[in-house]
Amino acid sequence: MKGLLLGIIIGLLSCNLTAQITSGSVLFSGNANYNKTKNDQNLLSNPIVELESESFSVLPSFGFFVNNSILIGIGLKAEFESNSYLIQRTESSFNPFLPSTYIIQTSYKEKTRMFYFNPFFTRYNGITERLYFTTAFNLLVGSGETRGGTVQSYTSKNKELSLNFTPGLTYFFSPKWAINGSIGQIYYRVRKESIPNTTNTINNNKETEDEEFGVDASWNSFRIGLQYLINKNFQK
């Protein structure tokens, strides 16, 4: 699947059919993504298990066509995520009427809010008069917070920098309106999380940094949205 995704991107980048997009056109877009997953793993084999994950994001954006195929613009992304976890630990029992060991389970939730500034570059390759294959390069710079905890609550501060290269399709069903969708991405992401030194947190002054690079071709990367075009001319 990853190899197929790369092949499609490279092949369509190399072709550029006659496009109907004109230089100077202005494009307003709105994209949304929703995911909900549940964990079906064997709970007893893992000390910490993510039971359920739910996320929602929305991305309004504005762009300007510098020529007949290149769109440059900026967007603002808001992302909300909720995760449920189960922590399990084994304890020893000294009661002769009980098993020698038993398992204690504790559940807790984490809620994350992130807001991103998103400059982007998108190339439109005409497939038909109204259908376009798009390749988008996105830079996302974000910050936010995560709230969670078990016995005591904590709030962590998050910062993130990510780059991604995303293929998609855009179909103009009228001279001004289009629907667009994308799935899959090549990405690089760096995320820092820090918990301030307060008496209400579990891990004071804890700071972590995660770095990722890869190809995501799962359905979780699927996004769909609407676009509104100003000064767009179609051949009739």
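Note that this is a predicted model, so its numbers are computed, not measured.

A.B. asks: Help me understand the environment of Asn68, please; the structure alone is not making it clear to me.
C.D. replies: Structurally, Asn68 is set in the loop between strand E2 (48-65) and strand E3 (70-92). Exposure remark for Asn68: the relative accessible area of 40% places this residue in the partly exposed category. Among the polar contacts listed, one links the side chain of Asn68 to the backbone nitrogen of Ser23, at a separation of 3.1 Å.

A.B. asks: For this particular structure, what's the right way to read the pattern of salt bridges?
C.D. replies: A pair can form between side chains of opposite charge whenever their charged atoms are brought close. Summed over the entire model, instances satisfying the criterion amount to eight salt bridges. With a closest N to O distance of 3.6 Å, Glu160 and Arg189 form a salt bridge. Within this pair, whereas Glu160 is found in strand E6 (residues 153-172), its partner Arg189 is found in strand E8 (residues 185-194), the two being separated by 29 residues in sequence. Its relative accessible area of 9% is what places Glu160 among the buried residues. A relative accessible area of 22% places Arg189 in the partly exposed class. Sharing partners across several salt bridges, the network here consists of Arg113, Glu145, Arg147 and Lys157.

A.B. asks: What is the right way to look at the pairing of strand E10 (residues 223-230) in this model?
C.D. replies: Side-chain direction in a regular strand flips from residue to residue, so the side chains alternate between the two faces of the sheet. Both strand E1 (residues 26-38) and E10 contribute to a ladder of seven bridges, which runs antiparallel. Across the sheet, Phe28 pairs through a bridge with Tyr228, a residue of E10. Where strand E7 (residues 177-182) and E10 come together, six bridges link them in antiparallel fashion. Within E10, the position partnered with Ala178 by the bridge is Gln227.

A.B. asks: Mind showing me how you'd approach the packing of aromatic side chains here?
C.D. replies: Aromatic ring pairs are described here by two measures, namely the spacing of the ring centres and the angle between the planes. Taken as a whole and assessed by the stated rule, the structure comprises six aromatic pairs. For the pair Tyr132 and Phe172, a centre-to-centre distance of 5.8 Å together with 85° between the ring planes defines the contact as edge-to-face. Remark: Phe172 occurs in strand E6 and Tyr132 occurs in strand E5 (residues 131-149); sequence separation between them is 40 residues. The exposure class of Tyr132 is buried, given its relative accessible area of 0%. Aromatic rings pair up to connect Phe65, Tyr124, Tyr132 and Phe172 into one cluster. Positioned over the ring face of Tyr116 is Lys77, at 5.4 Å from the centre of the ring.

A.B. asks: Is there a simple way to think about the side chain of Gln227 in this case?
C.D. replies: Looking at the element boundaries, Gln227 is found in strand E10. Accessibility expressed as a relative area gives 5% for Gln227, which makes it buried. Within the local environment of Gln227, its side chain forms a polar contact with the side chain of Ser29, the two groups lying 3.5 Å apart. What Gln227 contacts, discounting residues up to four positions off in sequence, is Leu27, Phe28, Ser29, Tyr124, Thr170, Lys176, Trp177, Ala178 and Asn180.

A.B. asks: I'm lost on the environment of Arg147 in this one. Help?
C.D. replies: Structurally, Arg147 is set in strand E5. At a separation of 3.0 Å, a polar atom in the side chain of Arg147 contacts the side chain of Glu145.

A.B. asks: When you look at the environment of Glu193 in this model, what are you seeing that I'm missing?
C.D. replies: Mapped onto the elements of the fold, Glu193 is located in strand E8. Between the alpha carbons of Glu193 and Glu160 there is a distance of 8.8 Å; along the sequence they are 33 residues apart. Sequence-distant contacts of Glu193, that is, excluding residues within four places in its chain, are made with Thr146, Ser156, Lys157, Asn158, Lys206, Glu207 and Thr208. Here Ser156 takes part through its side chain, which lies 2.8 Å from a polar atom of the side chain of Glu193.

Conventions adopted
Residues numbered from 1 in each chain as written. Predicted model: local features only at pLDDT ≥ 70, side-chain atom pairs only at ≥ 80, totals over all residues. Heavy atoms only, no water. Helix = DSSP H or I, 4+ residues; strand = E, 2+ residues; numbered from the N terminus. Buried < 20%, exposed > 50% of the residue type's maximum accessible area, 1.4 Å probe, protein only. Polar contact = N/O pair within 3.5 Å; in protein donor to acceptor, adjacent residues only side chain to side chain. Salt bridge = Lys/Arg side-chain N within 4 Å of Asp/Glu carboxyl O. Pairing = 2+ DSSP bridges. Phe/Tyr/Trp six-rings, centres within 6.5 Å; stacked < 30°, edge-to-face > 60°. Lys NZ or Arg CZ within 6 Å of the ring centre and 35° of its normal. Contact = heavy atoms within 4.5 Å.

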